[in-house]
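Tertiary structure, described
If you want the building blocks of each chain, they are given just below.
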Amino acid sequence: MTDVKPAELIVVCFMLLHGFVAALNCTSPSPESLFNAFEKDLFPKKLVRPVKNFSDAVNVTIGITVVGILGVNEKAQTLTTFLWQVLQWDIQGLSWDEKECGAKRVSVPREKLWIPDIHISEFMDEDKSPKTPYVYLYNTGRVYDDKPIRVVSSCRLEIYTFPFDIQNCSLTFGSYLHFGTDIMMIQGTTPEEILEESRDVIETNGEWDIIDIKVTPTTLLLGEGGFSEITYSIILGRRPTLYVVNLLIPSCFLVTLDIFSFVLPPHSVDRCAFKMTLILGYTVFLLIMKDLLPVTGYTTPLLNVLFLASFALMVASLLETIFITNIQLSSSQYGAVPHWISVLVLRYLAVVVCLPPKKKSNRVTVSLLPPAGARNTSIISANELQRNSGYTPSVKSPQELTLDELRKLSTDLTAIRLQMEKHLNGTKTSQEWYMIGMVIDRMLFGMYIVFISVSFITIVCIWISTDLKPAFRLSRININMLVQMLPWQKAHVWSDNIEVLVTVYWLACGASYRVTADIFVMLIATVCRNVHNIVEEMMTILHRAIHFPKLEE
């Protein structure tokens, strides 16, 4: 750091008493003459603010343009943007004649002038912005400082409605050291102009789009004084096409396949195998696409809830298939169906699910052959008669032998047919268990359709009905005004601002005492007592705090 001579300080104090800088005189309209005048009358005074009196404030006009949205980190809760920042302020008393000095505007090294210490309150990382060594200086004493800045700022991201979420991130510009009486921040361009210019020059075409930009002048009040600030609220909307195509649509396809798997016969092994393959495929799908899902510790996105519900329904449908298959294939091992189950399921639930019981068949099988017992009896009687009489029959002819063989074959075929009918039709008990399994399968399928339809409709309605406007905000100046208006009766060691913030958060967000206590790291009883006291005190000043907005507001 260069040493400041006492003579220079005397000159500076003298110039502050009689005007910061007088009009510059150039010997010729050339750059050399003008910069010689700067070296003599301007550059030595870069140590103090360019004002005539210490009580005067430097009015710094600020304007920004959003050039690019580089990224949003949901886990770290940060927003990375690239901005053009324009600062303008006046050096009181400085001027020169354009014809006499030969220029209306010149660029001068930044380190040769006094530069306001404007910073961003939400800045969260090392400043990696490109360095611009020059600023413009006009013949009216106006300084024009235009430079690009790369900002990594903190932003409270709400991803509950992901991927249809809208984020409201703030950038607060103000002096780091000087109070509002020394540096006053002034809004340069309107929000509409900033939004239009940002959309025209934006370079990135990622997943975020600028929806709106709002500008709010604020004052940060501290014990010794207040800091003048300008807050830019950048409202960003996520482009959901990537997530709809890669997450929502494939998930809906897999759920649809699971629904149509109910068409397969429940007693078929292929149905269980198909559902198990479907669950395995859905698990692999979620593992592959997990990098697309946001990660944060505050809230769980509705999309994650949708995936969890879909996976749970697939597992439930597989368990239902196992249950129905066990009823239908193992019915021979069960006893008779209880009467109340038979009445409830086969008589009432079957009608509800549009599956009436089958009518009993009236078909009667008539056999033209005599009963086997009768035939055997007659044959035995004839043999005994022959043995008793000593009569020896004659040898049968080939036709009679063929006829006997055909009769035996007919008897065997009849026995086989009866066994097959018994196997296919089953007993009365097996048929009842089979019908009960079919009715329960149809009923659970209907419940599956109703549950998944209600879940999808509810989530879609929440996505649609979610308030897409910026989150509730209260400026620091209003917080401090409210603190000053309240008749305080301290009950604990928390500061006044914290007590008001806790109450305002509880009122505005509709949060429970437990959630509010977790956010502000308090006991639930402390939050409850604090909210109760502050609300009572607010009621006493209600007539002073109500403000009806004007037409232009």
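What comes next concerns the included structure.

Definitions and cut-offs
Along each chain, numbering runs from 1 in the same order as the chain's sequence is written. Predicted model: local features are reported for residues with pLDDT of at least 70 only, side-chain atom pairs are reported and counted for 80 or more only, and whole-chain, interface and lining totals are derived from all residues. Values reported for side chains reflect all heavy atoms of the structure, with hydrogen atoms and water molecules removed beforehand. The numbering of helices and of strands both runs from the N terminus, where a helix is a DSSP run of H or I of at least 4 residues and a strand a run of E of at least 2. The classification of residues rests on relative accessible area computed with a 1.4 Å probe and restricted to protein chains. Under 20% of the type maximum is buried, over 50% is exposed, and intermediate values are partly exposed. Only heavy atoms enter the contact rule, under which two residues are in contact if any of them lie within 4.5 Å. In plain terms, two cysteine sulfur atoms within 2.5 Å form what is called a disulfide here. Polar contact is defined as a pair of N or O atoms within 3.5 Å, subject to the rule that within protein one atom must be able to donate a hydrogen and the other to accept it, and that residues adjacent in sequence are counted only when both atoms are side-chain atoms. DSSP bridges decide pairing: two strands pair if at least two such bridges lie between them. To define axes, lines are fitted to C-alpha atoms, for helices over the stretch in contact only, and angles between the resulting N-to-C directions are given on a 0 to 180 degree scale.

1. A look at the overall build of the chain
Counting its secondary structure elements, the chain contains 16 helices and 10 strands. Here the chain, with 553 residues, has 36% of them falling under the buried criterion. The long-range share in the chain, meaning contacts at least 24 apart out of those at least 6 apart in sequence, stands at 76%.

2. Concerning the state of the cysteines
Per the stated rule, a full pass over the model turns up 2 disulfides. Here cysteine 26 is linked by a disulfide to cysteine 101, with a sulfur-sulfur distance of 2.0 Å. Since a negative S-S torsion denotes a left-handed disulfide, the cysteine 26-cysteine 101 link at about 90° is right-handed. Separated by 75 residues along the polypeptide, cysteine 26 in the loop between helix H1 (6–17) and helix H2 (31–41) and cysteine 101 in helix H3 (residues 98–101) bring together distant segments of the chain. Taking relative accessible area as the criterion, cysteine 26 reaches 8% and is therefore assigned buried. Sulfur-sulfur distance for the disulfide between cysteine 155 and cysteine 169 comes to 1.9 Å. Taking the sign of the S-S torsion, about -80° here, the bridge from cysteine 155 to cysteine 169 comes out left-handed.

3. Quick notes on the side chain of glutamine 167
Mapped onto the secondary structure, glutamine 167 falls in strand E7 (residues 166–175). Looking at glutamine 167, the relative accessible area reads 3%, which means it is buried. Looking at glutamine 167, its side chain comes within polar contact range of the main-chain oxygen of glutamate 158, at 2.8 Å. Once you skip the residues sitting within four places of it in the chain, glutamine 167 turns out to touch Arg156, Leu157, Glu158, Ile159, Trp208, Ile234, Ile235 and Leu236.

4. So, unusual backbone geometry
The residue after phenylalanine 162, namely proline 163, is reached through a cis peptide bond having omega 5°. One non-glycine residue with positive phi stands out, namely glutamine 77, at about 55°. Its location among the elements puts glutamine 77 in the loop between strand E1 (58–73) and strand E2 (78–90).

5. Observations concerning the environment of proline 240
On the secondary structure map, proline 240 appears in the loop between strand E10 (226–238) and helix H5 (241–260). Accessibility expressed as a relative area gives 23% for proline 240, which makes it partly exposed. For the pair proline 240 and phenylalanine 164, spaced 76 residues apart in sequence, the C-alpha separation works out to 6.0 Å. The residues touching proline 240, leaving out its near neighbours within four places in the chain, are Pro163 and Phe164.

6. Some words on the environment of phenylalanine 164
In this fold, phenylalanine 164 is placed in the loop between strand E6 (142–154) and E7. Given the relative accessible area of 31%, phenylalanine 164 is considered partly exposed. Residues phenylalanine 164 and tryptophan 463, spaced 299 residues apart in sequence, show a C-alpha to C-alpha distance of 7.0 Å.

7. A closer look at the sheet that holds E2
The 6 strands are arranged E3-E5-E6-E2-E1-E8 in an open sheet whose pairing can be described as mixed. Where the open sheet ends on each side, the last strands, each with one partner, are strand E3 (105–109) and strand E8 (183–187). If you compare each strand with its neighbour and ignore which way they point, the axes differ by 35° on average. Note that E2 and E6 share 13 bridges and pair antiparallel. Across the sheet, the residue bridging to tryptophan 84 is proline 148, located in E6.

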